[in-house]
Amino acid sequence: MRAPFVSGGEARAIKVPRVAAVQDGARNHYAMPVALRRAGILERMFTDFFVKSGSGVDRLSSLLRSMGVAKRAGDRRCKELDTATVIQSYWLTARQRIERLRREPLDVHYERLGLLTEEWIVNHGFRSANALMGFVSHISHGLCAAARRQGLVTVADQIIAPIPVLHREAAIQAERWPGWEQAEHSEGFDRLRRCEELTWDALDHITCASDYVRRSLMEEGVPSEKVSVIHYPIDETSLAFHDRRNRTGPVVVGFIGAVGLRKGAPYFFEIARRFNPKEVRFVMVGPVHLQKWAVAKFGGHVEVIGGVPRSEVPEWARRMDIMLFPSTCEGSAFALMEAMSSGLPVVTSPNSGSLARHGQEGFIAAYDDIDALAEYVRELATDPERRQEIGRAARQRCEQFNLDYYSRELSALFHRLVGARENARP
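Residues numbered from 1 in each chain as written. Predicted model: local features only at pLDDT ≥ 70, side-chain atom pairs only at ≥ 80, totals over all residues. Heavy atoms only, no water.

Draft legend 1. Region of the structure containing helix H12 (residues 334-341). In terms of residue burial, H12 counts as a mostly covered element, since eight of its eight residues are buried. Residues Phe 334, Ala 335, Leu 336, Met 337, Glu 338, Ala 339, Met 340 and Ser 341 constitute the buried set of H12. Considering only its buried residues, H12 is in contact with strand E10 (251-256), helix H11 (313-318), strand E13 (322-325), strand E14 (346-348) and helix H14 (384-400). (Buried < 20%, exposed > 50% of the residue type's maximum accessible area, 1.4 Å probe, protein only. Helix = DSSP H or I, 4+ residues; strand = E, 2+ residues; numbered from the N terminus. Contact = heavy atoms within 4.5 Å.)

In structure tokens form, the structure reads like this:
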């Protein structure tokens, strides 16, 4: 299948994009490769571990899940992906697990993992692909450069604000809340930043999911024409809208994500202290990165659940009435999209990169503006009709940004980039 491309009055046949996707983990429920497949332009998906239906790993995974163990590994599956296009490596999975046991600086760790993946993919080959897509900081600049040398268009998604922005925010939180988290090694910051910059240089285009990240990229010197905002999708069909008006008992203000400084846990704790727990209950669901003493001393008004399997998140969202997410630095928090899709009004920060618009699908204030955030929570907590109205608007907002939307946007981007590459050839 070929499409015409016209330049200078002369028609030229342009190849349809064929994209090799590099997927780390089950990021965004495999939204990127699924969107490419729906557009008919997915050549193959490279990933470390994937459970193919009917395989021995599938049967073993089912057995382990029935025993209550290895629940997260069982989530590495996606019915919509044609298993013939999924290229995985148990060898790579084993090597990655071994590498994670090393006690080494973060920059060295990431570089080593990137090189392992790069070597595996280059040796396997791109086959008929004429484009490559992955995620910045999870796809090596060496792999992007190798793909470029073979004539592929290179694209990667900036999943979070650039490393210098992330580093600055982390330093602010560490200074405000000393000792709340185990200090991370910072000596590799310059190396991580340089790797990120090299990756940007090796890319033809960068996508990101929010204006917050786009502005951050431009602040770091990335040309505006090289960046497109393509919001992450949500599969609204997998999450039911819940009418919460007839509930009894305390209003539940929830959070889903990593309970740590970057996600604004201290601000969540402080807001919770301003409410009567008999009237408003605060719950945090997700892996806890804070020191135990900090949770014990400052989180007394908050029920900290801890990490849960991916498959259990919708049920936790169903139990909530409001989502409070005072994050300090994101790309576009997927937990917020899931919350909105289930009909939850959100109270969040601009740094979360949320789809929510102030006063329409929720309320937005600076993550450290405790007074404003608490007042928005109070406004929603005391008005069930308002919660329902905003929650329904949140659901409708998410329905605009579904997988079909994401597929159309990625398809248009790759057709434009591959077309321009073909047209530029002599």
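Following the structure, the description resumes.
Draft legend 2. Representation of the pattern of salt bridges. Taken as a whole, this structure holds 23 salt bridges when the rule is applied. Among the salt bridges present, the one from Glu 361 reaches Arg 357, with a minimum N-O distance of 2.6 Å. Judged by its relative accessible area of 2%, Glu 361 is buried. The partner of Arg 386 in a salt bridge is Glu 389, with the nearest N and O atoms 3.5 Å apart. Of the two residues, Arg 386 and Glu 389 are both situated in helix H14; the distance of three residues between them amounts to about one turn of the helix. (Salt bridge = Lys/Arg side-chain N within 4 Å of Asp/Glu carboxyl O.)

Draft legend 3. Layout of the sheet that holds E10. The strand order across the open sheet built from six strands is E12-E11-E10-E13-E14-E15, with neighbouring strands paired in parallel fashion. Two strands close off the open sheet at either side, each with one partner strand: strand E12 (302-306) and strand E15 (362-364). The average undirected angle you get between the axes of adjacent strands in this sheet is 20°. Across three bridges, the pairing between E13 and E14 is parallel. The residue bridging Leu 324 from the neighbouring strand is Val 347, located in E14. Sheet strands in contact with helix H9 (residues 265-272) are E10, strand E11 (280-285), E12 and E13, and its direction is about 165° off that of E11. (Pairing = 2+ DSSP bridges. Axes fitted to C-alpha atoms, helices over the stretch in contact; angles between N-to-C directions.)

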